[in-house]
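Observations on the three-dimensional arrangement
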Amino acid sequence: QVQLVESGGGLVQAGGSLRLSCAVSGAIYRINVMAWYRQAPGKQRELVASITSIGSTNYADSVTGRFSISRDNDKKLVSLQMNSLKPDDTAVYYCKANVQAEVTLLSRRDYWGQGTQVTVSS
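Residues numbered from 1 in each chain as written. Predicted model: local features only at pLDDT ≥ 70, side-chain atom pairs only at ≥ 80, totals over all residues. Heavy atoms only, no water.

1. Section: the side chain of Lys96
Looking at the element boundaries, Lys96 is found in strand β9 (residues 91-100). Not counting the four nearest positions on each side in its chain, Lys96 is found in contact with Leu4, Val33, Met34, Ala35, Tyr37, Asp110, Tyr111 and Trp112. (Helix = DSSP H or I, 4+ residues; strand = E, 2+ residues; numbered from the N terminus. Contact = heavy atoms within 4.5 Å.)

2. Topic: the state of the cysteines
Disulfide: a covalent bond connecting the sulfur atoms of a pair of cysteines. One pass over the full model with this rule turns up one disulfide. Each sulfur in the disulfide pair Cys22 and Cys95 lies 2.2 Å from the other. Negative torsions about the S-S bond denote left-handed disulfides, and the value of about -85° found for Cys22 with Cys95 makes this one left-handed. Of this pair, Cys22 sits in strand β3 (residues 18-25) while Cys95 sits in strand β9; the two residues are 73 residues apart in sequence, bridging distant segments of the chain. Here Cys22 and Cys95 have matching classes, each one buried. (Disulfide = S-S within 2.5 Å. Buried < 20%, exposed > 50% of the residue type's maximum accessible area, 1.4 Å probe, protein only.)

3. So, the packing of aromatic side chains
Under the defined criterion, the tally for this structure stands at one aromatic pair. Relative to Trp112, the ring of Tyr37 has its centre 4.9 Å away and its plane inclined at 55°; by these criteria the two rings are tilted. Residue Tyr37 is found in strand β4 (residues 30-39), and its partner Trp112 is found in strand β10 (residues 108-112); the two are separated by 75 residues along the sequence. Overall, Tyr37 belongs to the buried group, its relative accessible area being 15%. On the basis of relative accessibility, which here comes to 32%, the residue Trp112 falls in the partly exposed class. (Phe/Tyr/Trp six-rings, centres within 6.5 Å; stacked < 30°, edge-to-face > 60°.)

Now the structure itself:
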């Protein structure tokens, strides 16, 4: 089974920084796009940042210039460096990886982490 394990969430003051990490383990033939989502209380889950297997990145407009996504293909890690945090960044952050578990393309699917809480105090 493919599993995603997240770390780095916590409580931080406005203007501070946090770094989230997500490790992918299990049956892995190929990891395609990796991404971070977040969901604040009472709001829909939204895409924060994504990164392709060759390092192309995309960011939500609300985090552009403050957040940076990166990946280590050897270690099967994706990270999210969050700077200049705002109270509006408070949410549960979820790691997602599109993983092809076997040679067959039918094994390709999205896997999600359990989520990690990020709370930014004002």
